[in-house]
Amino acid sequence: MAFTRRQFIQIGAATAGGAALASGLSTRWWGLDGDPVPNPGTDGDRVVASYCELCFWGCGVLAHVKDGRVTKITGNPEHPLSRGMLCPRGAGATGLLYDPDRLKKPLVRRAQRGEDVFEEVSWDAALNEVAARLEDVERRHGREALALFTHGSGGVWFKHLMKAWGSPNIGAPSYAQCRGPREAAFSVTYGTPLGSPEPIDITNARCITLIGSHLGENMHNTQVQELAEAIGKGAGLVVVDPRFSVAAGKAKYWLPVKPGTDIALLLAWMNVLVAEKLYDAEYLAAHAEGLEELKAHVAGKTPEWAYPITGIKPDLIRASARFIGGARPASLVHPGRHTVWYGDDTQRERAMAILAALLGSWGRKGGYLVGGKYPLPAYPLPPNLPHHGGAEVADKPKNGGYPLATEVLASGLCDATKPGHSLYDLKAWIVYGCNLMQAMPARQELVDKIQHLDFMLAVDVLPAEIAGWADVVLPEATFLERDDDVSAPSYKRPFAAIRQAVVEPMYDSRPGWWIAKEIANRVGLGGWFPWKDAKEYVKTRLAQKGLSYEELAAKGVLLGAPIATCEEEGAPVGAATQNGKIQLFSKELLALGFDPLPQYVPQEEGPQGSFRLLSGRAPLHTFGRTTNNRLLAGPYPENEVWLNADAAKSLPGFEVQPLANGDKVVLVNQDGARSTPVRVKLTERIRGDCVFMVHGWGQTAKRQRYAYGRGASDAQLTTRYKVDPIMGGTGMNVNFVRIERAGEAA
Ligand code: SF4
């Protein structure tokens, strides 16, 4: 490997505590009562292969077990996503397994919603209650009145339950609240969404452009490893970010763009590429259409035009454009992941996709690759199962909704949980592994919709905020305690990885496959779950191809045959659009009444004296899912709000006693929503017109005793959002805050 573990850590965990964590994890361990206990040692008496779920990247892990306890988790060297290494969160997964605040027993509500008052009951009692409540919803409102919100691999069992039940209303916030706009934009441009993991070739890129990507803070393991490799081989980074991020610290060019003006910058870059003939003319002639329209479109969008909009000087726009163009085709524009910012996000992602086409990087080494899936047949279900449903998905309002949404909108399902917003009214939710209170904008709207429900079931490992609103809460086993379906996403090296229980489930928690099957049994759908358990399910899938379960269980992963991933390896370059051409100018968007080429439209400014609220990631955390993890929270115990040090000097209300680094402040948004007290970080590393905080803190769930009350929640301040008219994403960077010293009267 071309880089050392030390280089990886430097890039991946450059923020405070990261390096300390990497060396400290194996020497600090937590007992069930939450107190540190002596390290039980790292020389396990057995090692079990599985795949990680501290985030949803799915790295292969090797869990070391001694005397029935997991003592250490390392990366599986055979697994293409981990390649022998884990990010700090994966290495800290025992902090989840041994979290003393885990859900331990099934809970049934014994007070009104919103009051966190539950009674512990047996599994039988809880499951019978779930079945009775679902059947009641069916009787009164129909089967389609049930919706599932899901995030994580265990969701597969509940999706199957929904299919059997007969409701199409299955949504994940990871689409309309995260990567949806890029999927729509790449589908329009190249005829295919990108999916996860993104099929990009960071390792072989000579220039990597990050515009809304924060590698090193966003710790998708493989990508951070590849970034370290690429930098080691001499690749240059162009980073567009209002913040001097971890990646910006490694960049050749940092462009501190004014928030909301990225499209103007992208158009100006394209103007330079066209004017200076830095695009791949031969490639475009063979594989794209609409170049002349694009040239005309960007003709006036010079760096001088973009300067007053973006705040980026023309010289810097030109120099960075020449660097990006000079590295083509191994010039990678990273597509980003959390892409819902301003409601025009599909158009911004379109501009990125078009830029990638100008560079000739689609289907080329150092650009976008062709992935492949490990060929595994589905589990053979018995014939003649009862089929229900046929209803249209409730996220589509009567006018047809958002025409290029490629997945169900979680926000659309929320909207449909109210009379008059949909084809029909949703009356029951199953919420699997996602804390909607932090994931969705406009919390009060969400609460109103929850109050409209007849029934809500939450299935989770930890008592997240959303569980406090549920009628029944079922404790799921962690990924280290349960078998699951195999993971076989499309990737540049096809693979199939196993999730297997490393230790027995603690407390009275149960695996998701068991919970879904038991619910199905109780509502007359047991025939849809013919497998004895998840192990038998996976064995049956493998057996159809003559593959050995034992081999997969021992190695953790089966590798498919290598595939041609780019033109240089013999793969065809063409797009998957109807005519096989990359759509620079989109007739599809035009026909739907949208701009066929991305336009810059100014964003609304905030009130005088306010700052645009931006949020992001920390390398040690996965949103609020890890804020209660003592191993990870030790080095990064709470978020802080980044504020430009100069801007702080002229803050109204701080004339007598200026704000100092580390002071506690309260953020108050344009609608009067107030944050919990949070420490301020005064820094030159952010523009003066915005503030930044890491997402996931400010938890209001008291049962998460460590996370409760730490830091502040950006979600609580996201009272407004702007919906992307093309695919329905909820742009959330449209809120503004002013700053008060903590303790001042509201
Ligand atoms: Fe686990 Fe980190 Fe990989 Fe995510 S990126 S799956 S947290 S090791």
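Our subject is the structure that appears above.
Let us look at the structure shown here. Keep in mind that this is a model prediction, so the values were computed, not measured.

## Side note on the overall build of the chain
Next, step 1: Helices and strands together make up the secondary structure of the chain, namely 23 helices and 28 strands.
Next, step 2: Computed over C-alpha atoms, the radius of gyration of the chain comes to 25 Å, within 12% of the 27 Å expected from 2.2 N^0.38 for 746 residues, which places it in the range of a compact globule.
Next, step 3: Dimensions of the chain, computed from the C-alpha atoms along their principal axes, are close to 70 × 70 × 60 Å.
Next, step 4: In the chain, the proportion of contacts linking residues at least 24 apart, taken out of those at least 6 apart, comes to 75%.
Next, step 5: Of the roughly 26,400 Å² of accessible surface on the chain, a fraction of 51% belongs to carbon and sulfur atoms.
Next, step 6: Within the chain, the 80 negative side-chain charges are centred at a point lying 3 Å from the centre of the 82 positive side-chain charges.

## Observations regarding the sheet that holds strand β7 (residues 118–120)
Next, step 1: Strand order across the open sheet formed by seven strands is β7-β6-β17-β16-β15-β8-β9, with mixed pairing between neighbours. Bordering the open sheet on either side are β7 and β9 (170–171), each of which pairs with just one other strand.
Next, step 2: Across five bridges, strand β15 (residues 428–432) lies against strand β16 (residues 455–460) in parallel orientation. Opposite A428, over in β16, you have F455 as the bridge partner.
Next, step 3: Contacts between helix α5 (residues 123–141) and the sheet are confined to β6 (107–109), β8 (146–150), β15, β16 and β17 (472–475), with β17 contributing the most and set at about 135° to the helix.
Next, step 4: Across the face of the sheet, helix α6 (residues 155–165) comes into contact with β8, β9, β15 and β16 while running at roughly 165° to β8.

## Thoughts on empty space enclosed by the protein
Rolled over the atoms, a probe with the dimensions of a water molecule shows which regions are left empty.
Next, step 1: Scanning all chains against the criterion turns up five cavities of 30 Å³ or more.
Next, step 2: Here the largest cavity is characterised by a volume of approximately 70 Å³.
Next, step 3: Lining the largest cavity are 13 residues, with C52, C55, C59, C87 and R89 positioned closest to its centre.
Next, step 4: Across the lining of the largest cavity, the residue classes tally to eight nonpolar, four polar and one charged.

## As for the packing of aromatic side chains
Next, step 1: One pass over the full model with this rule turns up 21 aromatic pairs.
Next, step 2: Both rings, one in W123 and one in W514, keep their centres 5.3 Å apart while their planes meet at 90°; by these two values the pair is edge-to-face. Within this pair, whereas W123 is found in helix α5, its partner W514 is found in helix α18 (residues 512–522), the two being separated by 391 residues in sequence.
Next, step 3: With a centroid separation of 4.9 Å and 75° between ring planes, the pair formed by Y379 and W531 is classed as edge-to-face. Here Y379, found in the loop between α14 (345–358) and α15 (410–415), pairs with W531, found in the loop between α18 and α19 (534–543); they are 152 residues apart in sequence, far enough to count as distant.
Next, step 4: By relative accessible area, which is 1% here, W531 ends up buried.
Next, step 5: Connected via pairs of aromatic rings, a cluster forms that spans W157, Y379, F529, W531 and Y537.

## Topic: helix α12 (residues 303–310)
Next, step 1: Inspection of α12 places P303, A306, I309 and T310 among the buried residues, and these make up the whole buried set. One side of α12 carries all its buried residues, which in axial view fall inside an arc of 120°.
Next, step 2: Of the surrounding elements, those touching the buried residues of α12 are α9 (262–275) and α13 (314–326).
Next, step 3: The positive-phi residue at the C-terminal boundary of α12 is G311, with phi of around 80°.

## Examining the site of the ligand
Next, step 1: What surrounds the ligand is the set C52, L54, C55, W57, G58, C59, L86, C87, R89, G90, M219 and N221.
Next, step 2: With respect to the pocket detection grid, the ligand is positioned in the largest cavity.
Next, step 3: In terms of residue class, the shell around the ligand is built from eight nonpolar, three polar and one charged.

## Some points on the packing of α9 against helix α11 (residues 291–298)
Next, step 1: Two elements in contact, α9 and α11, have axes whose closest approach is 9 Å; the angle formed by their N-to-C orientations is 115°. Classified by the angle their axes make, α9 and α11 are roughly perpendicular. Like other packed secondary-structure pairs, α9 and α11 cross with a definite hand, here left-handed. For the pair formed by α9 and α11, the contact residues are L267, M270, N271 and V274 on the first element and L294, K295, H297 and V298 on the second.
Next, step 2: The class makeup of the residues in the contact of α9 with α11 is five nonpolar, two polar and one charged.

## Comments concerning the pairing of strand β24 (residues 678–683)
Looking down a regular strand, the side chains alternate between one sheet face and the other.
Next, step 1: Pairing of strand β22 (residues 640–644) with β24, which is carried by five bridges, proceeds in the parallel orientation. By the bridge assignment, N644 is partnered in β24 with T683.
Next, step 2: As judged from the two bridges shared by strand β23 (residues 664–669) and β24, these two strands associate in the antiparallel manner. When the bridges of β24 are listed, V665 appears paired with V678.

## Re the pattern of salt bridges
Next, step 1: This structure, assessed with the given rule, holds 51 salt bridges.
Next, step 2: The salt bridge partner of E183 is R182, with a shortest N-O separation of 3.5 Å.
Next, step 3: Of the charged contacts in the structure, one is a salt bridge between R322 and E276, with a shortest N-O distance of 2.8 Å. Here E276 lies in the loop between α9 and α10 (281–287) and R322 lies in helix α13, a separation of 46 residues in the sequence.

## Some remarks on the nonpolar core
It is characteristic of soluble globular proteins that their nonpolar side chains tend to be buried jointly.
Next, step 1: Counting 69 residues, the largest nonpolar core has I208, W269, M270, L284, L294 and L584 as the members making the most contacts within it.
Next, step 2: Looking at which element gives the most residues to this core, the answer is α9, with 11 residues.
Next, step 3: Not counting residues up to four positions away in its chain, the partners in contact with L584 are L284, A288, E289, G290, L291, L294, R350, I354, A357, P596 and L597.
Next, step 4: Core analysis: the next-biggest nonpolar cluster, separate from the first, contains 53 residues, L127, W157, Y432 and A516 among them.

## Considerations on the side chain of T346
Next, step 1: Position of T346 relative to the elements: it lies in helix α14.
Next, step 2: Look at T346 and you get buried, because its relative accessible area is 1%.
Next, step 3: Side chain to side chain, T346 and D724 meet in a polar contact 2.7 Å long.
Next, step 4: With residues up to four places along the chain from it excluded, the contact list for T346 reads P181, A184, A185, D724, I726 and M727.

## A short note on the sheet that holds strand β5 (residues 69–75)
Next, step 1: Strands sit in the order β3-β4-β5 across an open sheet of three strands; the sheet is antiparallel. Looking at the sheet topology across the chains shown, the edges are occupied by β3 (46–51) and β5. Along the sheet, successive strands turn relative to each other by an average axial angle of 30°, direction set aside.
Next, step 2: Two elements, β3 and strand β4 (residues 60–66), share six bridges in a ladder whose sense is antiparallel. Pairing of A49 across the sheet is with L62, part of β4.

## Let's talk about the packing of α6 against α18
Next, step 1: Between α6 and α18, the least distance of the axes is 8 Å, while the angle of their chain directions is 15°. With respect to each other, α6 and α18 are oriented roughly parallel. Pair α6 / α18 crosses with right-handed handedness. Contacts between α6 and α18 involve W157, F158 and L161 on the former and, on the latter, G512, W513, I515, A516, I519 and A520.
Next, step 2: Class assignment of the residues belonging to the contact of α6 with α18 gives a composition of eight nonpolar, one polar and no charged.

## Considerations on the environment of E135
Next, step 1: Note on placement: E135 falls in helix α5.
Next, step 2: Sequence separation between E135 and A673 is 538 residues, and the spatial gap between their C-alpha atoms is 39 Å.
Next, step 3: Look past the residues within four positions of E135 in its chain and what remains in contact with it is W165, R522 and V523.

Conventions and cut-offs
Residues numbered from 1 in each chain as written. Predicted model: local features only at pLDDT ≥ 70, side-chain atom pairs only at ≥ 80, totals over all residues. Heavy atoms only, no water. Helix = DSSP H or I, 4+ residues; strand = E, 2+ residues; numbered from the N terminus. Rg over C-alpha atoms; globule rule 2.2 N^0.38 Å. Contact = heavy atoms within 4.5 Å. Areas by Shrake-Rupley, 256 points an atom, 1.4 Å probe, with all protein chains shown as cover. Lys, Arg positive; Asp, Glu negative; His and termini not counted. Charge placed at Lys NZ, Arg CZ, Asp CG, Glu CD. Pairing = 2+ DSSP bridges. Axes fitted to C-alpha atoms, helices over the stretch in contact; angles between N-to-C directions. 1 Å grid on protein atoms, 1.4 Å probe; cavity = no way out; pocket = protein on both sides within 12 Å on 5 of 7 lines; lining within 4 Å. Points joined across faces, edges and corners; volume = space filled by probe spheres on them. Nonpolar A, V, L, I, M, F, W, Y, C, P; charged D, E, K, R; others polar. Phe/Tyr/Trp six-rings, centres within 6.5 Å; stacked < 30°, edge-to-face > 60°. Buried < 20%, exposed > 50% of the residue type's maximum accessible area, 1.4 Å probe, protein only. Arc of directions from axis to C-beta. Near = heavy atom within 4 Å. Sits in = over half its atoms within 2 Å of the grid points. Parallel < 35°, antiparallel > 145°, perpendicular 65-115°, else oblique. Left-handed = near helix turned anticlockwise from the far one by under 90°. Salt bridge = Lys/Arg side-chain N within 4 Å of Asp/Glu carboxyl O. Core = buried A, V, L, I, M, F, W, Y, C linked by side-chain atoms within 4.5 Å. Polar contact = N/O pair within 3.5 Å; in protein donor to acceptor, adjacent residues only side chain to side chain.

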